[in-house]
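Listed below are the residues making up each chain.
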Amino acid sequence: MLTEPMPADAVGAARKRLAVAAEDLDANRIAALVRDLAADAGVAPVWERVCRPLLGGLRGQSATEIAT
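Residues numbered from 1 in each chain as written. Predicted model: local features only at pLDDT ≥ 70, side-chain atom pairs only at ≥ 80, totals over all residues. Heavy atoms only, no water.

A. Focus on the packing of helix α1 (residues 8-23) against helix α2 (residues 27-41). Here α1 crosses α2 at 160°, and the two axes come no closer than 9 Å. Viewed along their axes, α1 and α2 adopt a mutual orientation that is roughly antiparallel. Two packed elements cross with a definite hand, and for α1 against α2 that hand is left-handed. Across the interface between the two elements, A14, R17, L18, V20, A21 and A22 from α1 touch R29, I30, L33, V34 and L37 from α2. Each residue belonging to the contact of α1 with α2 can be placed in one class, and the counts come to nine nonpolar, no polar and two charged. (Axes fitted to C-alpha atoms, helices over the stretch in contact; angles between N-to-C directions. Helix = DSSP H or I, 4+ residues; strand = E, 2+ residues; numbered from the N terminus. Parallel < 35°, antiparallel > 145°, perpendicular 65-115°, else oblique. Left-handed = near helix turned anticlockwise from the far one by under 90°. Contact = heavy atoms within 4.5 Å. Nonpolar A, V, L, I, M, F, W, Y, C, P; charged D, E, K, R; others polar.)

See the structure below:
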C-alpha cells in the first residue's frame, strides 16, 4: 500500500455507498461520492482502499474490460 490507510469504518461505508450508486447506474452520484471521498481522504487512499477493491471484485470482468 502506498498511502496511510483510511479508517476501516470509513472504507466500509464508502464501498457500500458506491456499490449502491453503481447498482442504481447513477453516474452523477458515483462521481460526487468519489470526488467527496478524495477531498476528505486523498486520491490515492480512496483509489487503493475503495475504488480498486470494488472494481477488482466485479465478477467476470478483467481490468482490461473495465478500462474499456
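Now, onward.
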